[in-house]
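Observations on the three-dimensional arrangement
What follows is each chain in one-letter form.
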Amino acid sequence: MAKCKKCGTEVASPEKTWTLAPKGRKPMNVGLFKCPNCGGHFRAAI
Ligand SMILES: [Zn+2]
């Protein structure tokens, strides 16, 4: 679940996910979400 930064709509499932692993830090899952309300794409940690 992630919130659109533009309109605040909550999007349940990401279109795409991947793992972001910066050096020396814990890897985390990032998802690419598409907002059904405004059509914008945004990324959020899952
Ligand atoms: Zn939106």
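The rules we used
Residues numbered from 1 in each chain as written. Predicted model: local features only at pLDDT ≥ 70, side-chain atom pairs only at ≥ 80, totals over all residues. Heavy atoms only, no water. Donors = N, O, S within 2.8 Å, 3.2 Å for Na, K, Ca; no water. Tetrahedral: all angles 85-135°; square planar, octahedral: opposite > 155°, others 65-115°. Buried < 20%, exposed > 50% of the residue type's maximum accessible area, 1.4 Å probe, protein only. Pairing = 2+ DSSP bridges. Helix = DSSP H or I, 4+ residues; strand = E, 2+ residues; numbered from the N terminus. Axes fitted to C-alpha atoms, helices over the stretch in contact; angles between N-to-C directions.

Let's talk about the coordination of the zinc ion
Here the zinc ion is held by C4 (SG), C7 (SG), C35 (SG) and C38 (SG), and the distances to it run 2.3 Å. Taken together, the four donor atoms surrounding the zinc ion define angles of 102 to 123 degrees at the centre, an arrangement classified as tetrahedral. For the zinc ion, all donor residues lie on one chain, and their spacing in sequence is C-x2-C-x27-C-x2-C. When its relative accessible area of 6% is taken as the criterion, C4 is described as buried.

Overview of the sheet that holds strand 3 (residues 16-20)
In spatial order, the strands read 3-4-5; together these three strands make up an open sheet with antiparallel pairing. Both outer strands of the open sheet, strand 3 and strand 5 (41-45), are each paired with one neighbouring strand and no more. Adjacent strand axes in the sheet meet at a mean angle of 25 degrees, parallel and antiparallel pairs treated alike. As paired strands, strand 4 (residues 28-34) and strand 5 are joined by five bridges and run antiparallel to one another. From the neighbouring strand, L32 faces strand 5, where its bridge partner is R43.

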